[in-house]
Amino acid sequence: MEKRIRALKAIILVVVMIVELFGVDAVRVVAETINVTGDTTVSTEDNRDYAVTDCTLTVSSTGNITGTVYGSGGKIVNQGSISKIERNIEVDNQAGASIQDLQSSVGITNAGHITSATYSSTYTLTNSGTIDTLNVQNPGYSGSTATVNMNAGTISSLNVTNYSGMNPVINYAGGTITSLIAEGTNGADLVVSGSHEISQLKGTVNVSGSGMLTVSGALQLEKGYTGEKLGVTKDTALTVKDGYTVQVNYKDHVYSISSATEQKITDLAGNTVSTVMDDAAAATMTVETPFTSEIYMYGEQAVAVYLAKDDYYFPEDYQATVTGGSGTLDITRVNAKEIKLAYTFADEKKDIQISLPAANARGTQDAPAGLDGGVKKVTGVTEDMEYAVSETSDTWTQVTGITDSGTLAMEPGTWYFRYKETDEKKVSAATKVIVKGEGVASVEQGDVNYGTKPDPKAETSTNTEKTAVIEYKEASSDDTAYSQAVPTAVGNYTVRATFAETEAYGEAVATTDFSIKYLETPEPPYTLVGTKGENGYYTSNVVVKPAKGYMISTELNGTYVESLTIQNSQSGTVFYLRNASGERTGTLRLETIKIKKQTPKLSLENGKTYYGDSQKLVIQDDYLSQVYVNGVLQNLDGTEFVLQLGSNNGKKKYEITAVDVAGNKKTILVTVAAAWMKTGIIPEGVLVNLETGNGYKLGNGNWKVAGDSTSYSGGTEFYVKKDGSYTFGKQ
């Protein structure tokens, strides 16, 4: 029954309103309203009005109500399109759905599009879709108020009217609110979470929450605000009523604005900066990038760049003076010719002046001293210098590549060196340096034979007016061993020819190696002249004759003669040869020469008759080789031969020949006769050997030969007819 009464009251109210607005004729429309008392779904286009009472009216995605939906309790679920909704009904406008005009005093959930909504309720409107215009009106109930939850989506224009009762609460957690205007004595509470931007914030709005709200267009609060969560941009128009203070955050700095009328933060709290300098300072520098005339806020930085003029520089400790503010001036010395000023503001509404002192004037430098031009080099240079071919040259080259000893390799010619300009000093005057070319020389010396001196031939194509100094050293020695003493000993040497330096060329030096050798030995080096015996022996002196064209000596530096005479056997005798040029061979040795000039010694004399039964023969010779006695070769034992020569009881002749190893031979003829033959008287009773042709005698008396009856008279000489042995006896 209660529901019916409420429905009836709603109908009566509608009729009264229609009559007041449109006249009595309009009442006929009411008669076309569809009363909905049970859950209903509209899926087509319908131009009728709907009166929904305590149930759910669903407009599907294909539904389109062009009439008005009146609510008296219940709920509208819109998935399609509704032209207008009025009165007391809960609305769920889903994604993709649209409502042209919504006037409700019950909870609203929007995920679609609402063109215009007027919300007068103590319930909650939750938006994640799009609302072009949202008007929130506080019904004035104590203890309750309207709440708008802005979670996502967009509200282009949010207008709050509140003259009494609790303030509507707008929870700004997501999406975008373009404009918020609160009218009335009490206004609205804006609770911000997260960081958001709004174009316009006006009226009686109490801002709170943990989030940051930045107003980019106009900020005009009826009352004050204290905090750091209300931000502005450089273009925000600020209006603050007299008697109130609004704190705004601009680039993390909070400004307290007490009075403003559509003014920007830069106008209210901005700073300016400029530089000043006297005429003396202005004469030393120019501005490359000046401080701009714009307004700077707290924490912002202004930058200017100044350049030192020619012959001036900024010292490393260059300082400037700041007046009118408490900010920080950083001066960066980019280089000696450029500084950058960076001023960071720490004030509000200040005009800062930076006074610049003059740059320093660069000093002068003395011309380089101690430079020495050598052969293709200059000594005494440093990398602080530069060089050119003329002291007025436009092109100067930086000195680089200096060795540890301060030497710079240079091409021959006339050069000018000066100290290059530095941060603090101008270029110096130039010093003239003459770099000499390399002297070119050559020296030739071939190997020479011992006994002659080296005669090197030195030449130069550069230092022609100089005479070479010739020096020698052993090839294995270091250069400190060079001497002008001419070597003569056999060995390996280096000859050095030095032509003194000239005005244009350095010392010209050439070296070459050579050797002093012994003269090559001729073949054959000598011949031997002498009487040759047997077994390689000479039986005379031996004359050593050197090869043709050579002389001979037994000492290298001794007297050389045409020949040497060797008188005795020798082995390996040292000798040297010298040719007509004085060149000499090294040590040579004679072959083994064996000389045996003497014949063996015999103890008996040649042609002599020795009387006795026998005669001792002794032959002595260290080199005795053979002994012949009457043509018979005798056996030898050692170097001495002894033989008893018998008389054979008569007279016996011996031919004795002694031969040594060299072939020296000595022959003697001796006769050994019995003692009786010395008188010629034959002894009695002794067997004697008699030879024909020899006369013999017998003693006085008559004698008879054994075996023969013939009687011989003594005292007279007789001969035998044939050789033989005889025994005579007296009769």
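Rules and cut-offs
- Residues numbered from 1 in each chain as written.
- Predicted model: local features only at pLDDT ≥ 70, side-chain atom pairs only at ≥ 80, totals over all residues.
- Heavy atoms only, no water.
- Pairing = 2+ DSSP bridges.
- Helix = DSSP H or I, 4+ residues; strand = E, 2+ residues; numbered from the N terminus.
- Axes fitted to C-alpha atoms, helices over the stretch in contact; angles between N-to-C directions.
- pLDDT = per-residue confidence, 0-100.
- Contact = heavy atoms within 4.5 Å.
- Polar contact = N/O pair within 3.5 Å; in protein donor to acceptor, adjacent residues only side chain to side chain.
- Phe/Tyr/Trp six-rings, centres within 6.5 Å; stacked < 30°, edge-to-face > 60°.
- Buried < 20%, exposed > 50% of the residue type's maximum accessible area, 1.4 Å probe, protein only.
- Lys NZ or Arg CZ within 6 Å of the ring centre and 35° of its normal.
- Salt bridge = Lys/Arg side-chain N within 4 Å of Asp/Glu carboxyl O.
- Core = buried A, V, L, I, M, F, W, Y, C linked by side-chain atoms within 4.5 Å.

## With respect to the pairing of strand β31 (residues 328-335)
When β31 meets strand β32 (residues 338-344), the two strands line up antiparallel, connected through 7 bridges. When the bridges of β32 are listed, arginine 333 appears paired with isoleucine 339.

## Structural notes on the sheet that holds strand β27 (residues 285-289)
On the basis of which strands lie adjacent, the open sheet formed by 4 strands has the order β27-β28-β32-β31 and antiparallel pairing. Of all the strands in the sheet, the pair left with one neighbour each is β27 and β31. Ignoring which end each strand starts from, the neighbouring axes of this sheet average 25° apart. Bridge count between strand β28 (residues 301-308) and β32: 7 bridges; the pairing is antiparallel. Considered in β32, the bridge of glutamine 301 is made with threonine 344.

## Notes on the environment of asparagine 568
Mapped onto the secondary structure, asparagine 568 falls in the loop between β52 (564-566) and β53 (574-579). With 28 residues separating them along the chain, asparagine 568 and lysine 596 place their C-alpha atoms 7.7 Å apart.

## Focus on the confidence of the model for the protein chain
This prediction gives the protein chain a mean pLDDT of 92; 95% of its residues lie at or above 70. Note on residues 1-16: pLDDT under 50 across the span, and 9 contacts to partners over four residues away in sequence or across chains.

## Some points on the sheet that holds strand β61 (residues 640-646)
One open sheet accounts for 3 strands, arranged β56-β58-β61; its pairing is antiparallel. Of all the strands in the sheet, just β56 (601-602) and β61 have a single pairing partner and so form its edges. Bridge analysis of strand β58 (residues 614-620) against β61 gives 7 bridges, and the strand direction is antiparallel. Paired with isoleucine 619 across the bridge in β61 is phenylalanine 641.

## Description of the side chain of threonine 460
Within the fold, threonine 460 resides in strand β44 (residues 457-460). A polar contact is formed between the side chain of threonine 460 and the backbone oxygen of valine 440, at a distance of 2.6 Å. A distance of 3.1 Å separates a polar side-chain atom of threonine 460 from the backbone nitrogen of asparagine 463.

## Observations concerning the environment of alanine 152
Looking at the element boundaries, alanine 152 is found in the loop between β13 (147-150) and β14 (154-161). With 274 residues separating them along the chain, alanine 152 and lysine 426 place their C-alpha atoms 70 Å apart. Setting aside its immediate chain neighbours within four residues, alanine 152 contacts Asn127, Ser128, Gly129, Gly174 and Gly175.

## Overview of the side chain of arginine 418
Take arginine 418: it is sitting in strand β40 (residues 413-419). A polar contact is formed between the side chain of arginine 418 and the side chain of glutamate 386, at a distance of 2.8 Å. Excluding residues that lie within four positions of it along the chain, arginine 418 makes contacts with Pro368, Asp384, Met385, Glu386, Trp396, Val427, Ser428, Ala429 and Ala430.

## Observations regarding the packing of aromatic side chains
Pairs of aromatic rings are described using the distance from one ring centre to the other and the angle between the two planes. Tallying each qualifying case throughout the model produces 16 aromatic pairs. Relative to phenylalanine 345, the ring of tyrosine 343 has its centre 4.8 Å away and its plane inclined at 85°; by these criteria the two rings are edge-to-face. Residue class for phenylalanine 345 comes out buried when judged on its relative accessible area of 2%. Ring plane angle 55° and centroid distance 5.7 Å describe the contact between phenylalanine 718 and phenylalanine 728, whose orientation is recorded as tilted. In this pair, phenylalanine 718 sits in strand β69 (residues 717-718) while phenylalanine 728 sits in strand β70 (residues 724-730), placing the two residues 10 residues apart along the sequence. Taken individually, phenylalanine 718 and phenylalanine 728 each receive the classification buried, so the pair is uniform in this respect. An aromatic cluster of three or more residues is present, and its members are Trp676, Tyr696, Tyr712, Phe718, Tyr726 and Phe728. The ring of tryptophan 396 has arginine 418 sitting right over it, with the charged end atom 3.8 Å from the ring centre.

## Here's the deal with the pattern of salt bridges
In total, this model carries 16 salt bridges according to the counting rule given. Two residues, glutamate 294 and lysine 234, come together in a salt bridge whose shortest N-O distance is 3.7 Å. Of the two residues, glutamate 294 sits in the loop between β27 and β28 while lysine 234 sits in the loop between β21 (230-232) and β22 (237-240), which places them 60 residues apart along the sequence. Taking the shortest distance from any N to any O, the salt bridge between glutamate 421 and arginine 362 comes out at 2.8 Å. Highlighted residues: glutamate 421 in the loop between β40 and β41 (431-435) and arginine 362 in the loop between β34 (360-361) and β35 (372-374), separated in sequence by 59 residues. On the basis of relative accessibility, which here comes to 46%, the residue glutamate 421 falls in the partly exposed class. Residue class for arginine 362 comes out buried when judged on its relative accessible area of 14%. In the salt-bridge network here, residues are joined through shared partners; they are Asp311, Arg362 and Glu421.

## Examining the nonpolar core
Counting 61 residues, the largest nonpolar core has Leu134, Leu180, Leu190, Leu201 and Leu219 as the members making the most contacts within it. Discounting residues that sit within four places of it in the chain, leucine 201 has contacts with Leu180, Leu190, Val207, Leu213, Val215, Ala218, Leu219, Gln220, Leu221 and Leu230. Ranked by size, the runner-up nonpolar core spans 20 residues in total, among them Phe314, Tyr318, Ile354 and Ala359.

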